Amino acid sequence: MISEPGRSGAMRYVLFDVDGTLIDALDNQRLVWRTWAERYGLDPEEVYQVALRTRPMETFAQVAPDQDPHQCLAALHELEDEDVRTGAYTAFDGASELLNALKPGAWALVTSNYEHRVRGRFARTGLPVPQVLVDAAAVEEGKPSPVPYLRAAAALGARPEDCLVIEDAVSGVQSGLRAGMTVWGVNTPAAVDGVHRHFGTLHEAVRDILAFASGLLPDRTEACA
């Protein structure tokens, strides 16, 4: 049974975004979209800027409205799968320490990517995979909808108010906030609008995330003394 918030020993949960939060995949994403754009004779930088703000099908509608979106998606998936097999990946400093310190069943991954790619990247970077992983195929509405984070909380048996979301992107932050969760931002030079706390790097946040998970923080938005 989940404890009431504010009581001693209350169960808390941590929900992580993946790309840009735990794994540095920025160069990989840029290369994949560049290759895709060049296949369709489009400007790679223009396409990438749109892709940063939208889901793939929405990106295709904006940058290649005359193309079959399903064929566009198939080409993108082909490139992304190849990148998982051959691309160079690194986990952000502190990711391994953090994930291995969290209790099983007390954390989850919530990603706009697909599970097989996440598992491939985690295998290559040595990161552990949790019991709960909500990917793009698990929900009809992706971030910034609250659905992905609410789905993860439900799978963990957690209430939204007992969850901490760790994100780097605007859409992910909005998703966590709309789900009624505490949201901390990492790996950005400036705070994303709406976050309860901001850390320049994931490494800087490790101690406080673990303190949150263990119930040591007196308030979910406060820093660890």
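Rules of the game
Residues numbered from 1 in each chain as written. Predicted model: local features only at pLDDT ≥ 70, side-chain atom pairs only at ≥ 80, totals over all residues. Heavy atoms only, no water. Buried < 20%, exposed > 50% of the residue type's maximum accessible area, 1.4 Å probe, protein only. Helix = DSSP H or I, 4+ residues; strand = E, 2+ residues; numbered from the N terminus. Arc of directions from axis to C-beta. Axes fitted to C-alpha atoms, helices over the stretch in contact; angles between N-to-C directions. Parallel < 35°, antiparallel > 145°, perpendicular 65-115°, else oblique. Left-handed = near helix turned anticlockwise from the far one by under 90°. Contact = heavy atoms within 4.5 Å. Phe/Tyr/Trp six-rings, centres within 6.5 Å; stacked < 30°, edge-to-face > 60°. Lys NZ or Arg CZ within 6 Å of the ring centre and 35° of its normal. pLDDT = per-residue confidence, 0-100.

### Observations concerning helix α7 (residues 147-156)
Taken together, the buried positions of α7 are occupied by P148, Y149, A152, A153 and L156. Angular distribution of buried residues about the axis of α7 spans 135 degrees; they occupy a single face of the element. Facing away from the buried surface of α7 by more than 90 degrees, the exposed residues are A154 and A155. Following α7 by one or two positions, G157 has its phi on the positive side, about 75 degrees.

### Regarding the packing of helix α3 (residues 56-63) against helix α4 (residues 69-86)
At a closest axis distance of 10 Å, the pairing of α3 and α4 adopts a crossing angle of 120 degrees. The pairing of α3 with α4 is recorded here as oblique in orientation. Where α3 crosses over α4, the handedness of that crossing is right-handed. Facing P56, M57 and F60 of α3, the residues of α4 in contact are P69, H70, C72, L73 and L76.

### Observations regarding the packing of aromatic side chains
Evaluation of the coordinates by the stated rule reveals seven aromatic pairs. Ring centres of W36 and F60 lie 5.2 Å apart, and the angle between their planes is 25 degrees; this geometry places the pair in the stacked category. With W36 in helix α1 (residues 26-39) and F60 in helix α3, this residue pair connects regions lying 24 residues apart in the sequence. Across the pair, exposure class does not vary: W36 and F60 are buried alike. Aromatic pair W184 and F199: ring centres 5.6 Å apart, planes at 50 degrees, arrangement tilted. Note that W184 is positioned in strand β7 (residues 182-185) and F199 in the loop between β8 (197-198) and α9 (202-214), a separation of 15 residues in sequence. No difference in accessibility class separates W184 from F199, as the two residues are buried. Clustering of aromatic rings is evident, with ring pairs tying together W33, W36, Y40 and F60. For the cation-ring pair, R12 lies above F212, with the distance from its terminal atom to the ring centre recorded as 4.8 Å. We note R197 situated over the ring of W184; from NZ or CZ to the ring centre the distance is 5.1 Å.

### Side note on unusual backbone geometry
Residue P144 is bonded to the preceding K143 through a cis peptide linkage, with omega at 15 degrees. Turning to its location among the elements, P144 is positioned in the loop between β5 (132-134) and α7. Its identity as a non-glycine residue notwithstanding, N187 has a phi of 65 degrees, on the positive side. Among the structural elements, N187 can be located in the loop between β7 and β8. Taking the relative accessible area as the measure of exposure, N187 reaches 21% and is therefore partly exposed.

### A short note on the confidence of the model for the protein chain
Mean pLDDT over the protein chain stands at 91; residues scoring 70 or higher make up 92%. Contacts from residues 1-8, a stretch scored under 50 in pLDDT, to residues over four places away or in other chains number 14 contacts.

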